Amino acid sequence: MKNGLEDYYVIRGNKKMRFGYTTGSCAAAACKGAAKILLGGVMQKDVTLMTPKGILLTLELKDIRIEGNQVTCAIQKDAGDDPDTTNGILVYATVQKTKEPGIILDGGVGVGRVTKAGLSQKIGEAAINPVPKAMILREATEIAEKYDYEGGLKIIISVPEGVEIAKKTFNPRLGIEGGISVLGTSGIVIPMSEAALVASLRLEMKMLVEGGGSYLVITPGNYGQAFSKEQTQLNLTYSMKCSNYVGETLDMARELGVKGILFIAHIGKFVKVAGGIMNTHSRQADSRSELMAANAIRAGADLETAKEILDTITTEQSVEILRQKGYLEATMKEISDRVEFYLNKRAGEQLEVGTILFSNVYGKLGETSKVAELTMKINEQTASTKKE
């Protein structure tokens, strides 16, 4: 069955990548299908749904259950060619007649509950974002009007696989417990959307700031997070990951009023920053060996050492060569100084920035000038918020 997205795609790396549809679209379409069967009294195989993006979807209804005064059915999520953890899951809507007028919308199994302030929903509410919520309520209202139904409706959105999937998302860090969020501002998934990831990072930072975090510890990924935990003198209450988005992280920190950031990063990521590269993904730039070699020369290394570094595949190999030749400390000082220069240039005067560089093999390699000062401010901040 055609779903309406057959002609929608983007080109990434000379490859056509299909559009998909969001969990919000799934929930709204499932609600529409259940309401039509419940109030219209006629079995439905599929439903049409106009998305906020203006694309009309035709989606197949699955697992239809009719039980007295309620109907449940599901829509299967299709994320297109986007690497989405929710791809293929079933999003259910149960629509029930009630005596009380009005429409009640809530989340069931696998839809998260909000436990912290700072999100679009209040504490205790289901994690159904504003646009999907409006879509669901619109479809229910239109079906009720179509069949002249004047009673009330209770709508429960559930995602049975959501409990497990949520563990792989940012939700636990955002204070959303027990399941996934029902998302989608356009109703459509555009493959490999970096904007969506950056938006989720901004949301996490916003919540840290609203929770009292003026000074943050930020790591690019799992290596940095693991090394951070080994830094026993550093409190990690206000910490997060930034992935490859170093520049965007500084921009959003300035916008949100953050006073300082301490980056803790593997040399393989942040040696790129020493060259002014603010997105550290390999598809953006991969000049690690070149930057390691250039800074080794600045530190006094000979041409043969530089050539050896240029032939390495990993920065850990470069670090080993520098250690053996006696240039490691001086090279890390050169790299740290340039990391500091470029971070400060992007951050501006109102944001203090420090960086600790490390190796998985040799541990801490170097640090910038404000690390000690930022460490103290981070720890004092945590102590003061605990007293409050």
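This text follows the structure it describes.
The present account deals with the structure reproduced in this document.

**Side note on helix 10 (residues 303–310)**
Here comes step 1: All of the buried residues in helix 10 are Thr305, Ala306 and Ile309. An end-on view of helix 10 places all buried positions within 100° of arc, on one side of the element. Relative to its buried face, helix 10 has exposed residues pointing more than 90 degrees away, namely Leu303 and Glu304.
Here comes step 2: For helix 10, the secondary structure elements touched by its buried residues are helix 9 (288–298) and helix 11 (315–325).
Here comes step 3: A distance of 3.1 Å separates the backbone nitrogen of Glu304 from a side-chain oxygen at the start of helix 10, and that oxygen is part of Asp302.

**Points about the sheet that holds strand 16 (residues 215–219)**
Here comes step 1: Within the open sheet, the 5 strands sit side by side as 17-16-18-19-20. Their pairing is mixed. Of all the strands in the sheet, just strand 17 (239–241) and strand 20 (363–367) have a single pairing partner and so form its edges. Each strand of the sheet is rotated relative to its neighbour by a mean of 25°, with strand direction disregarded.
Here comes step 2: Alignment of strand 19 (residues 352–359) against strand 20, held across 4 bridges, turns out to be antiparallel. Note on strand 20: the bridge partner recorded for Ile356 is Glu367.

**Points about the pairing of strand 6 (residues 62–67)**
Here comes step 1: Relative to strand 7 (residues 70–76), strand 6 is paired through 4 bridges, and the arrangement is antiparallel. Counterpart to Lys62 in the pairing with strand 7 is Ala74.
Here comes step 2: The loop that links strand 6 with its antiparallel partner strand 7 comprises 2 residues; one of these, Gly68, has a positive phi angle of about 60°.

**Some details on the pattern of salt bridges**
Here comes step 1: If you walk through the whole model with that rule in mind, you get 21 salt bridges.
Here comes step 2: In this structure, the salt-bridge partner of Arg288 is Asp286, at a minimum N-O distance of 2.8 Å.
Here comes step 3: Looking at Arg288, the relative accessible area reads 24%, which means it is partly exposed.
Here comes step 4: Here the salt bridges do not stand alone but share partners, grouping Arg18, Asp78 and Asp81 into one network.

**Thoughts on the sheet that holds strand 12 (residues 152–158)**
Here comes step 1: Taken together, the 5 strands give an open sheet; going across it, the order is 6-7-8-12-9, and neighbouring strands pair in mixed fashion. Because the sheet does not close on itself, it has two edges, and the strands there are strand 6 and strand 9 (103–107). Each adjacent strand pair in this sheet contributes to an overall mean axis angle of 15°, direction not counted.
Here comes step 2: Across the face of the sheet, helix 1 (residues 23–40) comes into contact with strand 6, strand 7, strand 8 (90–98) and strand 12 while running at roughly 40° to strand 8.

**So, the side chain of His266**
Here comes step 1: In this structure, His266 sits in strand 18 (residues 260–266).
Here comes step 2: A relative accessible area of 10% means that His266 is categorised as buried.
Here comes step 3: Polar side-chain contacts of His266 include one of 2.8 Å to the backbone nitrogen of Gly268.
Here comes step 4: What His266 contacts, discounting residues up to four positions off in sequence, is Tyr223, Thr315, Glu316, Phe358, Ser359 and Asn360.

**Observations regarding the packing of aromatic side chains**
Here comes step 1: A complete count under the given rule lists 4 aromatic pairs for this structure.
Here comes step 2: Both rings, one in Phe341 and one in Tyr342, keep their centres 5.0 Å apart while their planes meet at 80°; by these two values the pair is edge-to-face.
Here comes step 3: Residue class for Tyr342 comes out partly exposed when judged on its relative accessible area of 25%.
Here comes step 4: Over the ring of Tyr9 we find Lys16; its NZ or CZ atom is 4.4 Å from the centre of that ring.

**Focus: the environment of Met135**
Here comes step 1: Counting through the fold element by element, Met135 comes out in helix 2 (residues 130–146).
Here comes step 2: For Met135 and Gly33, which are 102 residues apart along the polypeptide, the C-alpha to C-alpha distance reads 13 Å.
Here comes step 3: What Met135 contacts, discounting residues up to four positions off in sequence, is Gly24, Ser25, Ala28, Leu49 and Pro52.

**Remarks on the pairing of strand 5 (residues 56–60)**
Looking along a regular strand, one sees side chains alternate from face to face of the sheet.
Here comes step 1: Taking every second residue as pointing to the same face, the buried face of strand 5 carries Leu57 and Leu59, while none of Leu56, Thr58 and Glu60 on the other face is buried.
Here comes step 2: Direction of pairing for strand 4 (residues 46–50) relative to strand 5: antiparallel, over a ladder of 5 bridges. By the bridge assignment, Met50 is partnered in strand 5 with Leu56.
Here comes step 3: Counting the residues in the hairpin turn of strand 4 and strand 5 gives 5 residues, including Gly54, whose phi is positive at 90°.

**As for the nonpolar core**
Here comes step 1: Counting 47 residues, the largest nonpolar core has Ile75, Val95, Ile128, Ile136, Ile155 and Ile157 as its most contacted members.
Here comes step 2: Where this core is concerned, the elements lending two or more residues are helix 1, strand 4, strand 5, strand 7, strand 8, helix 2, strand 12 and helix 3 (162–166).
Here comes step 3: Considering each element in turn, this core owes the most residues, 11 residues, to helix 1.
Here comes step 4: Ignoring anything within four residues of it in the chain, the contact list for Ile128 reads Leu105, Asp106, Gly107, Val111, Gln121, Lys133, Ile136, Ile157 and Val182.

Procedures and definitions
Residues numbered from 1 in each chain as written. Predicted model: local features only at pLDDT ≥ 70, side-chain atom pairs only at ≥ 80, totals over all residues. Heavy atoms only, no water. Buried < 20%, exposed > 50% of the residue type's maximum accessible area, 1.4 Å probe, protein only. Helix = DSSP H or I, 4+ residues; strand = E, 2+ residues; numbered from the N terminus. Arc of directions from axis to C-beta. Contact = heavy atoms within 4.5 Å. Polar contact = N/O pair within 3.5 Å; in protein donor to acceptor, adjacent residues only side chain to side chain. Pairing = 2+ DSSP bridges. Axes fitted to C-alpha atoms, helices over the stretch in contact; angles between N-to-C directions. Salt bridge = Lys/Arg side-chain N within 4 Å of Asp/Glu carboxyl O. Phe/Tyr/Trp six-rings, centres within 6.5 Å; stacked < 30°, edge-to-face > 60°. Lys NZ or Arg CZ within 6 Å of the ring centre and 35° of its normal. Core = buried A, V, L, I, M, F, W, Y, C linked by side-chain atoms within 4.5 Å.

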